[in-house]
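Structural features, examined
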Amino acid sequence: NLNYRDQIYFALGDIALEEQARAEAIDYFEKSLATNKDNQKQKAKTFLKLADLYFDERQYVAAQLYYDSTLTTI
């Protein structure tokens with residue numbers, strides 16, 4: 001399952017969000033990015049999810065960085 005580790009971490013992040021564990025979700029999404037090798041679509045989804053989370057927390061600088069990364073990846 002090493003090739004799908006990024007997708008597994010992304011799914012775990014979604015589950016953590018459903019359980020209202022934002023910090024844990026952010027950690028899983030960052031792990032998803034760290035383990036992503038060649039899946040550009042998954043990488044863009046993860047960047048966008050992190051950007052939205054940081055935007056919701058009013059951390060606009062961090063959100064902007066992830067929005068820029070989303071655009072670059074697309």
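Residues numbered from 1 in each chain as written. Predicted model: local features only at pLDDT ≥ 70, side-chain atom pairs only at ≥ 80, totals over all residues. Heavy atoms only, no water.

Points about the packing of helix α1 (residues 5-18) against helix α3 (residues 40-56)
In contact at an axis separation of 10 Å, α1 and α3 are set at 25° when each is read in the N-to-C sense. The pairing of α1 with α3 is recorded here as roughly parallel in orientation. The handedness of the crossing between α1 and α3 comes out as left-handed. Within the contact between the two elements, α1 uses Asp-6, Gln-7, Phe-10, Asp-14 and Leu-17 and α3 uses Gln-42, Lys-45, Thr-46, Lys-49 and Leu-53. For the contact of α1 with α3, the per-class residue count stands at three nonpolar, three polar and four charged. (Axes fitted to C-alpha atoms, helices over the stretch in contact; angles between N-to-C directions. Helix = DSSP H or I, 4+ residues; strand = E, 2+ residues; numbered from the N terminus. Parallel < 35°, antiparallel > 145°, perpendicular 65-115°, else oblique. Left-handed = near helix turned anticlockwise from the far one by under 90°. Contact = heavy atoms within 4.5 Å. Nonpolar A, V, L, I, M, F, W, Y, C, P; charged D, E, K, R; others polar.)

Side note on the nonpolar core
Ranked by size, the top nonpolar core spans 15 residues in total, and within it Ala-16, Ile-26, Phe-29, Leu-33, Leu-50, Tyr-54 and Tyr-66 carry the most contacts. Of all elements in the fold, only α1, α2 (22-35), α3 and α4 (60-73) reach the threshold of two or more residues within this core. Each residue touching Phe-29, except ones within four places of it in the same chain, is listed here: Phe-10, Gly-13, Asp-14, Leu-17, Thr-46, Lys-49, Leu-50 and Leu-53. (Core = buried A, V, L, I, M, F, W, Y, C linked by side-chain atoms within 4.5 Å. Buried < 20%, exposed > 50% of the residue type's maximum accessible area, 1.4 Å probe, protein only.)

Quick look at the pattern of salt bridges
Counted under the stated rule, the structure contains three salt bridges. Among the ionic pairs, Asp-14 bridges to Lys-49, the shortest N-O distance being 3.3 Å. Here the residue Asp-14 occupies a position in helix α1, and Lys-49 occupies one in helix α3, the gap between them amounting to 35 residues. Relative accessible area serves as the criterion here: at 25%, Asp-14 is assigned to the partly exposed category. In this structure, Asp-27 engages Lys-31 in a salt bridge whose closest nitrogen and oxygen atoms are separated by 3.6 Å. Residue Asp-27 and its partner Lys-31 are both found in helix α2; the two are separated by four residues, about one turn of the helix. (Salt bridge = Lys/Arg side-chain N within 4 Å of Asp/Glu carboxyl O.)

Considerations on the packing of aromatic side chains
Scanning the model with the defined rule gives six aromatic pairs in all. Seen in terms of ring centroids, Tyr-9 and Tyr-28 are 6.3 Å apart; in terms of plane orientation they differ by 25°. Their pairing is stacked. A residue pair is termed long-range when its members are at least 10 positions apart, and Tyr-9 in helix α1 and Tyr-28 in helix α2 qualify at 19 residues. Taking relative accessible area as the criterion, Tyr-9 reaches 21% and is therefore assigned partly exposed. Arranged with centres 6.5 Å apart and planes meeting at 65°, the rings of Phe-55 and Tyr-67 form a pair that is edge-to-face. Remark: Tyr-67 occurs in helix α4 and Phe-55 occurs in helix α3; sequence separation between them is 12 residues. (Phe/Tyr/Trp six-rings, centres within 6.5 Å; stacked < 30°, edge-to-face > 60°.)

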